[in-house]
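Structural overview
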Amino acid sequence: MLRFLTSGESHGKGLTAIVEGFPSNLKIEEEYINKHLARRQMGYGRGGRMKIETDKAEILSGVRFQKTMGAPVTLFVKNSDWENWTDEMASGKPKGKFEKISIPRPGHADLVGVSKYDLNDIRNSIERSSARETAARVAVGSMARRFLEEFGITVGSYVENIGGVYSKEKYSDKLFNEVSPKFNAWNLSEKSDKSSVRVLDQNHEDRIVRKIKAAKKNGDTLGGTFYVVASGVPAGLGSFIQYDTKLSSAIAHDMMSINAVKGVEIGTGFETANNPGSISHDEIIINNGVISRKSNRAGGIEGGMSTGLPVIVRVAMKPIATLMSPIGAIDLSTMKNVTSRRERSDFTAVPACAVIGESMLAWTIAKAMLDKFGGDSMSEIKDNYKSYTSKLQKRLTKNFRK
Ligand code: EPS
């Protein structure tokens, strides 16, 4: 079973991830992980922290001579900001006096966190609930991505809207009509990575940047939506047998686990709810003797299983809860109404969230691949994969031949 755990606080020494269940002989290098960690740090609208950090993953265990050994892999991402927090975040006796944080930010984990864990300083809740943790997830997701590449599966993303500013062109319509086996989802990221807000056209970028500038001026924050797409996914990952074996439920779970994510949609999901069945489903056709579809509104998933077409996921991120221009809150030390605290933060992090979304989708699909084609080494998994995929259509036609 493929699984991972992360640990670490936003202003502690760093973030650690332990990944277990990857087969042996998967080629992986720190530089590959670092490339994706750098992508997570991009985006116009980030706060001061990203100027302090240059996230790099150190592989502490499980990899020898650039290849996994089948053992647990430990990844460590240092927090450069730790130097400024050594006293305040010390694991030993506190040095000096610290101001306890007693005003919870609406929309963050602060209030429920301190009540649930019986804490007397909101700092203890802020630290672990911070989206800084997602650096560790991108490191883990990069391993999953590397694994998927061995099977021709790629994952890419682009930002659809920030603060309600959409492109004049609806790129998602193109996605829902993309049925070519040659489609490569990484091309979406290659394009969007060139934009400061990870969108697909210049006019859209300019309008979003103006919107973020206005939000900054008002001390406000912005959320948005993005698409994450995986191509090359073989048909038959996941299953319809149980609620917890469906690929769609695993995707929704993993996406919803990303900080500030409030909504997930697969294919034309919510739009489909308004339309009749006749224009909602993807007609099945034979194309040059190969079974295919006319469209991909299902977003690559039917009955909880991958169809073989691109997996298309749309994700909604709420505006970041830390506002420079505060809103109503309470002070737990006086139990009086006050305005919420200011704390350094991002004005928007939707472009970064899309990269985290890629990492999580890569993880979900890698897990489903190992569930289906499981083995201890890359060669064993590749054999299983080949034996299944090469006979998929042959088996069907044989079973149904009259
Ligand atoms: C983040 C680091 C954090 C925040 C942000 C994400 O750093 P700091 O709190 O020191 O500024 O910039 O976290 C949040 C937006 C949040 O709500 O927790 C990072 O590395 O991505």
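Residues numbered from 1 in each chain as written. Predicted model: local features only at pLDDT ≥ 70, side-chain atom pairs only at ≥ 80, totals over all residues. Heavy atoms only, no water.

**Concerning the site of the ligand**
Taken together, 13 residues lie near the ligand, and His 11, Arg 40, Arg 49, His 108 and Arg 344 sit nearest. Between the ligand and His 108 there is a distance of 2.9 Å, counted from an oxygen atom to a side-chain nitrogen or oxygen. With respect to the ligand, the backbone of Ala 131 contributes an N or O atom lying 3.1 Å from an oxygen atom. For the ligand, whose unbound accessible area comes to 470 Å², protein coverage reaches 92%. Of the residues in the shell around the ligand, the class split is 3 nonpolar, 4 polar and 6 charged. (Near = heavy atom within 4 Å. Polar contact = N/O pair within 3.5 Å; in protein donor to acceptor, adjacent residues only side chain to side chain. Areas by Shrake-Rupley, 256 points an atom, 1.4 Å probe, with all protein chains shown as cover. Nonpolar A, V, L, I, M, F, W, Y, C, P; charged D, E, K, R; others polar.)

**Examining the packing of aromatic side chains**
Counted by the stated rule, this structure contains 10 aromatic pairs. Ring centres 4.8 Å apart and planes at 85° place the aromatic pair Phe 4 and Trp 363 in the edge-to-face group. Taken as a pair, Phe 4 in strand E1 (residues 3-7) and Trp 363 in helix H11 (residues 350-373) lie far apart in primary sequence, 359 residues in all. The exposure class assigned to Trp 363 is buried, which follows from its relative accessible area of 5%. Plain terms: the ring middles of Tyr 158 and Tyr 227 are 5.6 Å apart, the flat faces sit at 25° to each other, and that makes the pair stacked. Linking Tyr 158 in strand E7 (residues 154-162) with Tyr 227 in strand E9 (residues 224-231), this pair joins segments that are 69 residues apart in sequence. Exposure class is identical for Tyr 158 and Tyr 227. Each is buried. By the ring-pair criterion, three or more aromatic residues cluster together here, those being Phe 4, Phe 22, Phe 147, Phe 151, Trp 363, Phe 373, Tyr 385 and Tyr 388. The side chain of Lys 116 reaches across the aromatic face of Tyr 117, ending 5.2 Å from its centre. Sitting above the plane of the Tyr 388 ring, Lys 372 keeps its charged end 3.9 Å from the centroid. (Phe/Tyr/Trp six-rings, centres within 6.5 Å; stacked < 30°, edge-to-face > 60°. Helix = DSSP H or I, 4+ residues; strand = E, 2+ residues; numbered from the N terminus. Buried < 20%, exposed > 50% of the residue type's maximum accessible area, 1.4 Å probe, protein only. Lys NZ or Arg CZ within 6 Å of the ring centre and 35° of its normal.)

**Side note on the side chain of Ser 292**
Inspection of the secondary structure assignment puts Ser 292 in strand E12 (residues 290-293). Leave out the neighbours within four places in its chain, and Ser 292 touches Val 179, Glu 283, Ile 284, Ile 285 and Asn 287. (Contact = heavy atoms within 4.5 Å.)

**Comments concerning the environment of His 108**
In this structure, His 108 sits in the loop between strand E6 (73-78) and helix H3 (110-117). Judged by its relative accessible area of 27%, His 108 falls in the partly exposed class. Considered as a pair, His 108 and Asn 259 are 151 residues apart in the sequence and their alpha carbons are 9.6 Å apart.

**Quick word on the sheet that holds E7**
Across the sheet, 5 strands lie side by side as E8-E7-E9-E15-E10; this open sheet has antiparallel pairing. What marks the edges here is a single partner per strand, and that holds for strand E8 (165-166) and strand E10 (261-266). Strands in contact with helix H9 (residues 247-256) are E9, E10 and strand E15 (311-317); relative to E10, the strand with the most contacts, it is inclined by about 155°. (Pairing = 2+ DSSP bridges. Axes fitted to C-alpha atoms, helices over the stretch in contact; angles between N-to-C directions.)

**So, the pairing of E6**
Within E6, 5 of the 6 residues are buried, leaving the element largely enclosed by the surrounding structure. Pairing between strand E2 (residues 14-20) and E6: 6 bridges, direction antiparallel. Pairing of Leu 15 across the sheet is with Val 77, part of E6. Both strand E3 (residues 57-61) and E6 contribute to a ladder of 4 bridges, which runs antiparallel. Pairing of Ala 57 across the sheet is with Val 77, part of E6.

**Overview of the sheet that holds E6**
Spatial ordering of the open sheet is given by E1-E2-E6-E3, a layout of 4 strands whose pairing is antiparallel. Where the open sheet ends on each side, the last strands, each with one partner, are E1 and E3. In this sheet, neighbouring strand axes are inclined to one another by 20° on average, regardless of whether the strands run parallel or antiparallel. Its contacts with the sheet put helix H1 (residues 30-40) on E3 and E6, and the angle it makes with E3 is roughly 140°. Of the strands in this sheet, E1, E2 and E6 are in contact with helix H5 (residues 134-149), which crosses E2 at around 30°.

**Some words on H3**
When H3 is considered as a whole, its buried residues turn out to be Asp 110, Gly 113 and Val 114. Take H3 and look down its axis: the buried residues cluster within an arc of 90°, on one side only. In H3, the exposed positions that point more than 90 degrees away from the buried face belong to Val 112, Ser 115 and Lys 116. Buried residues along H3 sit against helix H4 (123-129). Directly beyond the C-terminal end of H3, a positive phi value near 55° is found at Asp 118. (Arc of directions from axis to C-beta.)

**Observations regarding unusual backbone geometry**
Look at Arg 198: it is not a glycine, yet its phi comes out positive at around 60°. Looking at the element boundaries, Arg 198 is found in the loop between helix H7 (186-192) and helix H8 (202-217). Although it is not a glycine, Asn 288 adopts a positive phi angle of roughly 50°. Here Asn 288 shows up in the loop between strand E11 (284-287) and E12. Since its relative accessible area comes to 76%, Asn 288 is described here as exposed.

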